[in-house]
Each structure stands twice: as structure tokens, then as C-alpha cells.
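# Examination of the molecular architecture
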Amino acid sequence: MSRQNVRRARLIRALQHLSASGIDTFEAQARHLGNAIGAARLEAMVTGSYINTWFARCVEHSMGLTKGWMDEADAPDTDVEPVDTTSV
């Protein structure tokens with residue numbers, strides 16, 4: 001699987017966890033990820049746009065994941081936990 005496909009699958013998995021926590025729009029998810037990108041760009045990444053290394057590290061940092069998680073095809077999905085929405 002290509003790095004872009006891995007990153008896209010991991011991004012989708014992370015966004016699913018945000019949705020499970022009530023952060024369920026691209027706009028709210030972009031805010032939760034530190035406003036590193038806007039809602040339209042986030043949606044574009046989910047649907048096939050390029051995901052650069054800088055943004056992959058932003059996702060990992062904002063969600064408390066280990067560095068490189070976005071690039072590991074065989075990393076377990078269980079290390080992404082629903083987030084605390086009280087700070088959102």
C-alpha cells in the first residue's frame with residue numbers, strides 16, 4: 001500500500017474517532033486538529049488529495065498519537081481513542 005493510501009486510511013480512522021466523540025463535521029474536526037488546515041482541505045484529503053508529512057505529524061500530535069502512526073500500515077487501530085470533547 002502506498003504511503004498516501006496508508007495516510008488516508010489512518011486519517012479516516014482518526015476522523016471516525018472524532019465523529020464518535022461528537023466532533024462530526026469537517027469544520028469541527030479541522031478545529032480539533034489545531035486549525036492546521038481548513039475544512040475543505042481536510043475533506044479533500046479524505047477523498048484523495050495529497051496528505052503531506054507536516055499534516056500527518058499535526059494529526060498525530062493533536063490526537064496524542066505516536067510520531068509515525070499516520071505512516072504505519074500495520075499499526076493497530078486500537079491506539080486511537082475517542083477524544084474529550086469538553087475542551088472543544
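See the structure printed just above.
Quantities reported herein were computed from a predicted structural model and do not represent experimental measurements. (Residues numbered from 1 in each chain as written. Predicted model: local features only at pLDDT ≥ 70, side-chain atom pairs only at ≥ 80, totals over all residues. Heavy atoms only, no water.)

### Section: the overall build of the protein
Selection criterion: To qualify as a helix, a DSSP run of H or I must reach at least 4 residues; to qualify as a strand, a run of E must reach at least 2; elements of each kind are numbered from the N terminus. For each residue, the accessible area found with a 1.4 Å probe, counting protein chains only, is set against the maximum for its type, and the residue is called buried under 20%, exposed over 50%, and partly exposed in between. Throughout, a contact is declared for two residues whenever any of their heavy atoms are within 4.5 Å. Using a 1.4 Å probe, accessible areas were evaluated by the Shrake-Rupley method; residue-level cover was limited to the displayed protein chains.
If you tally the helices and strands in the protein, you get 4 helices and 0 strands. Element order for the protein, N to C, with α for helix and β for strand: α-α-α-α. Expressed as a percentage of its 88 residues, the buried residues of the protein come to 40%. For the protein, the proportion of contacts with a sequence separation of at least 24, taken over those separated by at least 6, is 54%. Of the roughly 4900 Å² of accessible surface on the protein, 51% is carried by carbon and sulfur atoms.

### Quick notes on the nonpolar core
Generally speaking, soluble globular proteins have nonpolar side chains that are buried together. As a reminder, the rule being used: The nonpolar core is taken to be a set of buried Ala, Val, Leu, Ile, Met, Phe, Trp, Tyr and Cys residues, with the residues joined through side-chain atoms within 4.5 Å.
Leu11, Leu15, Leu33, Leu42, Phe55, Val59 and Met63 are the most contacted members of the largest nonpolar core, which totals 21 residues. Secondary-structure elements contributing two or more residues to this core are helix H1 (3-20), helix H2 (26-32), helix H3 (39-46) and helix H4 (53-62).

### Re the pattern of salt bridges
Put simply, the test is: What counts as a salt bridge is simple: a side-chain nitrogen of Lys or Arg found within 4 Å of a carboxyl oxygen of Asp or Glu.
Going through the model one piece at a time under the given rule, you end up with 4 salt bridges. Here glutamate 60 ties to arginine 57 by a salt bridge, and the two come within 2.6 Å at their closest N and O atoms. One end of the pair is glutamate 60 and the other is arginine 57, both in helix H4 and 3 residues apart, which spans about a single turn. A relative accessible area of 2% means that glutamate 60 is categorised as buried. The class of arginine 57 is partly exposed, set by a relative accessible area of 21%.

### Quick notes on the packing of H1 against H3
To be explicit about the condition: Angles here are taken between N-to-C directions and fall from 0 to 180 degrees, while the axes themselves are lines fitted to C-alpha atoms, restricted in helices to the stretch in contact. In what follows, roughly perpendicular refers to angles from 65 to 115 degrees, roughly parallel to angles under 35, roughly antiparallel to angles over 145, and oblique to any angle outside these ranges. Charged residues are taken to be Asp, Glu, Lys and Arg, nonpolar residues to be Ala, Val, Leu, Ile, Met, Phe, Trp, Tyr, Cys and Pro, and polar residues to be all remaining types, Gly included.
Between H1 and H3, the shortest axis-to-axis distance is 9 Å and the interhelical angle comes to 125 degrees. For the element pair H1 / H3, the angle class is oblique. Contacts between H1 and H3 involve Arg8, Leu11, Ile12 and Leu15 from the first element and Leu42, Met45 and Val46 from the second. Of the residues assigned to the contact of H1 with H3, the class counts are 6 nonpolar, no polar and 1 charged.

### A short note on the environment of isoleucine 37
Among the secondary structure elements, isoleucine 37 is positioned in the loop between H2 and H3. Using a relative accessible area of 16% as the deciding quantity, one classes isoleucine 37 as buried. On a C-alpha basis, the gap between isoleucine 37 and phenylalanine 55 in space is 8.2 Å, while along the polypeptide they are 18 residues apart. When sequence neighbours within four positions are dropped, the list of residues in contact with isoleucine 37 reads Ala30, Leu42, Met45, Trp54 and Phe55.

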